[in-house]
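Residues per chain are reported as follows:
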Amino acid sequence: MPDITIVVDCSDADFAHEICVALRQFPDVDAVLPDNQAAAEASYACCWYPHPQLLTRSPKLRLIQAASAGVDHLPSPVFTSEIPLCRVVDDSFRHGMFEYALWGILWFQRYFDRAVAHQRLQIWKCYPQRTAADYHIGIMGLGEIGGYIASQLVALGYRVSGWSRNEKQLRGVDGYHGQHQLEPFLNSLDVLVNVLPLTEQTCGILAEPLFNQLPRGAAVINCGRGEHMVSGDLLSALNSGHLSGAVLDVFPQEPLPQGDLLWAHPQVVITPHMASSASVDIIARQLLENIQRQNQGLPLHRAVNKQTGY
């Protein structure tokens, strides 16, 4: 009989199956889906948009791990329970987020957005090349992911500013923090990249008041959470010409519904929540590492502060 029973509760059935296969490669591990009788006896859970009654259906849980860097997709009882909560972050995931952000930055910096639009109209037109040193990038969120993105951009020669809830100091990055420093952070950016965690304070932050504080012609890249963005305000800012474009990877409802105005907007690039993802092997290894640490009475790695939500 396996010593460790893990319930894998994910809204994506294929993803759940892949995680189960990865976990079962380890001895003494039984990874089960929520409809398995053994799920009621599980001591551990690995989740991605799990059932709202996760804690009721598996009442013996001792540790919950989100199969992602964010935890906003977990049901609210998880945050009021005493069960430790961890998340997944690794170098390949952080680098994938950086690659996505860099691609979006280059899309605007090198005028690829205009080149694609001109191709449809058979227009041959070049624009002056802008160097990294003359291009100002703002990163909203300077945690493990945002801090990594900012540092990598600095290494490439970009002018980088960062904004976070609390003060952060990163080499080569102009740091801003708190609501009182949001406007000076925004008012000289060429591109704003959002990788904030989703909390009560950040929900809907990408809206008209923020957009109005960006310079005319700035662009927005959102690879944080869909709920950060007020889509109607973004469309208004694009249609008025205040914003030049947007690259969007996340949406409040996914898949993005057919007929949504964002699909057809000529200044919007839509990607299907593909900025980065941790491999199932990393997810499995990080969960099992924390199970071992918990059993040994050691501090958990990548533990979530349930008060802040990250």
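Treat the numbers as computed from the prediction; the structure is a model and nothing was measured.

**Considerations on the environment of Arg24**
And step 1. Within the secondary structure, Arg24 is located in the loop between α1 (13–23) and β2 (29–32).
And step 2. Separated by 217 residues in sequence, Arg24 and Gly241 have C-alpha atoms that sit 53 Å apart.
And step 3. Residue contacts for Arg24: discarding those within four places in its chain leaves Val29, Ala31 and Val32.

**As for helix α6 (residues 144–155)**
And step 1. With 12 residues, α6 should reach 16 Å at 1.5 Å per residue; the first-to-last C-alpha distance of 17 Å fits that figure.
And step 2. Within the sequence span of α6, burial applies to Ile145, Gly146, Gly147, Tyr148, Ile149, Ala150 and Leu153.
And step 3. Residues of α6 that are buried in the fold lie against α4 (91–109), β6 (136–140), β7 (159–164) and β8 (173–177).
And step 4. Following α6 by one or two positions, Gly157 has its phi on the positive side, about 95°.

**Focus on helix α11 (residues 280–295)**
And step 1. Here α11 is 16 residues long and its end C-alpha atoms lie 23 Å apart, about the 22 Å a rise of 1.5 Å per residue gives.
And step 2. Three or more residues of α11 are buried, namely Val280, Ile283, Ala284, Gln286, Leu287, Leu288, Asn290, Ile291, Arg293 and Gln294.
And step 3. Looking at the buried residues of α11, the elements they touch are β1 (4–10), α1, β2, β3 (44–48), β4 (63–66) and β5 (85–86).
And step 4. Gly297 sits one or two positions beyond α11 and adopts a positive phi of about 75°.

**A look at the environment of Tyr49**
And step 1. Topologically, Tyr49 is positioned in the loop between β3 and α2 (54–57).
And step 2. Classification of Tyr49 by relative accessible area gives partly exposed; the value is 37%.
And step 3. Taking the C-alpha atoms as reference points, Tyr49 and Ala67, separated by 18 residues in sequence, lie 9.3 Å from one another.
And step 4. Discounting chain neighbours no more than four positions away, the residues touching Tyr49 are Cys10, Ser11 and His73.

**Digging into the UniProt feature "domain: D-isomer specific 2-hydroxyacid dehydrogenase NAD-binding" (unreviewed entry) in the chain**
And step 1. Annotation from UniProt places "domain: D-isomer specific 2-hydroxyacid dehydrogenase NAD-binding" (unreviewed entry) at residues 105–275.
And step 2. With 30% helix and 20% strand, residues 105–275 has end C-alpha atoms that lie 13 Å from one another.

**Thoughts on the side chain of Ser164**
And step 1. Looking at the secondary structure, you find Ser164 in strand β7.
And step 2. Relative accessible area serves as the criterion here: at 4%, Ser164 is assigned to the buried category.
And step 3. Of the polar contacts made by the side chain of Ser164, one reaches the backbone oxygen of Asn166; its length is 2.5 Å.
And step 4. Look past the residues within four positions of Ser164 in its chain and what remains in contact with it is Leu142, Tyr176, His177 and Gly178.

**Brief notes about the environment of Arg165**
And step 1. By secondary structure assignment, the location of Arg165 is in the loop between β7 and β8.
And step 2. As a C-alpha pair, Arg165 and Met140 span 25 residues in sequence and 9.3 Å in three-dimensional space.

**Here's the deal with the nonpolar core**
A general trend in soluble globular proteins is that nonpolar side chains are found buried together.
And step 1. Counting 59 residues, the largest nonpolar core has Ile6, Val8, Ile19, Leu23, Ile139 and Leu153 as its most contacted members.
And step 2. A per-element tally of this core places α4 first, with 9 residues.
And step 3. Within the second largest apolar cluster, 27 residues are counted, among which are Leu182, Leu210, Ala218 and Ala246.

The rules behind each value
Residues numbered from 1 in each chain as written. Predicted model: local features only at pLDDT ≥ 70, side-chain atom pairs only at ≥ 80, totals over all residues. Heavy atoms only, no water. Helix = DSSP H or I, 4+ residues; strand = E, 2+ residues; numbered from the N terminus. Contact = heavy atoms within 4.5 Å. Expected span 1.5 Å × (residues − 1). Buried < 20%, exposed > 50% of the residue type's maximum accessible area, 1.4 Å probe, protein only. UniProt positions renumbered as here; feature names shortened; annotations may be inferred. Polar contact = N/O pair within 3.5 Å; in protein donor to acceptor, adjacent residues only side chain to side chain. Core = buried A, V, L, I, M, F, W, Y, C linked by side-chain atoms within 4.5 Å.

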